[in-house]
Amino acid sequence: MEKQTVEIGITASKETDFSEWYIQTVQKAELADYAPVKGLIVLRPDGYAIWESLQETFNRRFAREGVRNGFLPVLIPESLLGREKEHFAGFNPEVFWVTHSGNSELGDRLALRPTSETLAYTMYSKWVQSWRDLPLKINFWNTALRSEIKATKPFLRTSEFLWQEGHTVHATKEEAERQVHAMLDIYRETVEQELAIPVISGAKSEREKFVGAEYTMAIESIMPDGKALQMGTSHFLAQNFSKPFDVKFADRDNVEHYAWQTSWGVSWRLIGAMIMTHGDDRGMSMPPRVAPVQAVIVPIYRNDKRQRDDVMSAASEVREALESEGVRVHVDDRDDATPGFKFNDWELKGVPLRIEIGPRDVESRSVVAVRRHDGRKESMGVKDLGPAVRGVLEEIQEAMLQKAREKAAGMTFDVSEYAGFKERCGTGFVRAVWCGDEKCEESIKEETGAEIRVIPLGEEKEQGSICIRCGGQGLSTPIFAKGY
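In this report, the structure presented in the accompanying data block is examined. (Residues numbered from 1 in each chain as written. Predicted model: local features only at pLDDT ≥ 70, side-chain atom pairs only at ≥ 80, totals over all residues. Heavy atoms only, no water.)

Turning to helix α1 (residues 18-28), a few remarks are in order. Think of an α-helix as turning once every 3.6 residues; residues three or four places apart then point the same way. Of all 11 residues in α1, 8 are buried; the element is thus mostly enclosed. For α1, every residue scored as buried is listed here: Phe18, Trp21, Tyr22, Ile23, Gln24, Thr25, Val26 and Lys28. The secondary structure elements touched by the buried residues of α1 are β1 (32-34), α7 (269-278) and α9 (339-349). Remark: Glu30 follows α1 within two positions and exhibits a positive phi of approximately 60°. (Buried < 20%, exposed > 50% of the residue type's maximum accessible area, 1.4 Å probe, protein only. Helix = DSSP H or I, 4+ residues; strand = E, 2+ residues; numbered from the N terminus. Contact = heavy atoms within 4.5 Å.)

Written out as structure tokens, the structure reads:
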């Protein structure tokens, strides 16, 4: 069978066909591709490198909170899941089941992990016996499997996805709640500082919280198509799992107590958010801190061996100078591609900085640096180039965050009338007063498709404020939006 011819470059417009633009960017920038099984994707090296970069950052920040990494198997017995029926009922329609081992039918079906509370807390009940065992803080880097019944989209909605899930056990309610907020702060800082994506932190409504949690905290971002994306969650589980799973400890007076617990997680949808936030019609645009290649060197020369040798020698010198400063750099030495093709290729892949070196640059001991996010060009001397490029990369990182903040601010609206509320839904974040009644919340979602994404931390209602839906006394001012 002949392979299909693939058009080079992005052929869909981000402005007019966002969904097709996104899928093309994921595939043509070589971040991921579709697997033979529906609903699954394969991460390519650049896509996985971004995930590894996030892992390194999270691990470093988790460690400062006393969190260590562990491993959990993917199979969970059905009988074990039944110990927490309310929690598992929410996942049951999405679960993949293993019913046979070879040709033999299993007596107890095995679930392919949709989430790990039941398995983790079964183990925690063995490991926690005394106050000396607390706090217990473990993070698991793994995959979760949920049969995706809606339209799938790489990184955003797939039947198997990479994520991390942390599970902690504490002696007191106060200590557990502090942990919830500490992890939310880590998520907010990482997403903003590494991915250059602004977020809003806050609480989920009772209706939207994680099943089994006392309350759920989250960070939310608005995407360029006007839909919201949940970027991470941190749950206060109270004793809702410690009691059915018998996670308890003896205190200093040998009195037994049920423990207090938290769980928290992010997934590879962070990569999807980065693509949507920063990409353009030429393809990806990566924030330097997570870019697999931060600077690409493109040598430019005629079909002349001596000229090629001189330019390639200069390119090698520049590469060594950048590597000495910790810059992730690549020299594009392909002889079968023109400089113009290379420029477009690396722009598609989103490399933050392109460094061009031609014969004149060799003579002048300089290079031309081109920034991917805004196309700005500048001449830079080879002397002290490493520190200079490092500085430029930091400038790019900050500029991308600032641009994203301005975009998000322009897509955040305050409304006080329901007619205006309905007009704004689907165009961004809509901030409006709510009475706290779940019936109003349900009506809003049924009539507009928008839901409460987050109730921002520290928000206070104004005196005399009224609910956007029913006109009753306002209780809070949530952020509403349609979401992924």
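Pairing is mixed in the open sheet, where 5 strands are placed in the order β16-β15-β17-β18-β19. What marks the edges here is a single partner per strand, and that holds for β16 (329-331) and β19 (377-381). With direction set aside, neighbouring strand axes in the sheet form an average angle of 25°. As paired elements, strand β15 (residues 295-299) and β16 share 3 bridges and run parallel to each other. Bridge pairing links Val296 to His330 in β16. (Pairing = 2+ DSSP bridges. Axes fitted to C-alpha atoms, helices over the stretch in contact; angles between N-to-C directions.)

Moving on, we come to the nonpolar core. Counting residues in hydrophobic clusters, the biggest one holds 58 residues, and the most contacted among them are Phe155, Met274 and Ile275. With 8 residues, helix α6 (residues 173-195) is the single largest residue contributor to this core. Setting aside chain neighbours within four positions, we find Met274 in contact with Ile50, Leu195, Ile197, Gly279, Met284, Met286, Pro287 and Val290. With 26 residues, the next largest nonpolar core counts Val318, Val327, Val329 and Val392 among its residues. (Core = buried A, V, L, I, M, F, W, Y, C linked by side-chain atoms within 4.5 Å.)

Right, let's get into the packing of α1 against α7. As a packed pair, α1 and α7 sit with axes 11 Å apart at the nearest point and diverge in direction by 115°. Considering how the two elements wind past one another, α1 and α7 form a crossing that is right-handed. Together, Phe18, Trp21, Tyr22, Thr25 and Val26 of α1 and Gly272, Ile275 and Met276 of α7 make up the contact between the two elements. Residue classes in the contact of α1 with α7 are distributed as 6 nonpolar, 2 polar and no charged. (Left-handed = near helix turned anticlockwise from the far one by under 90°. Nonpolar A, V, L, I, M, F, W, Y, C, P; charged D, E, K, R; others polar.)

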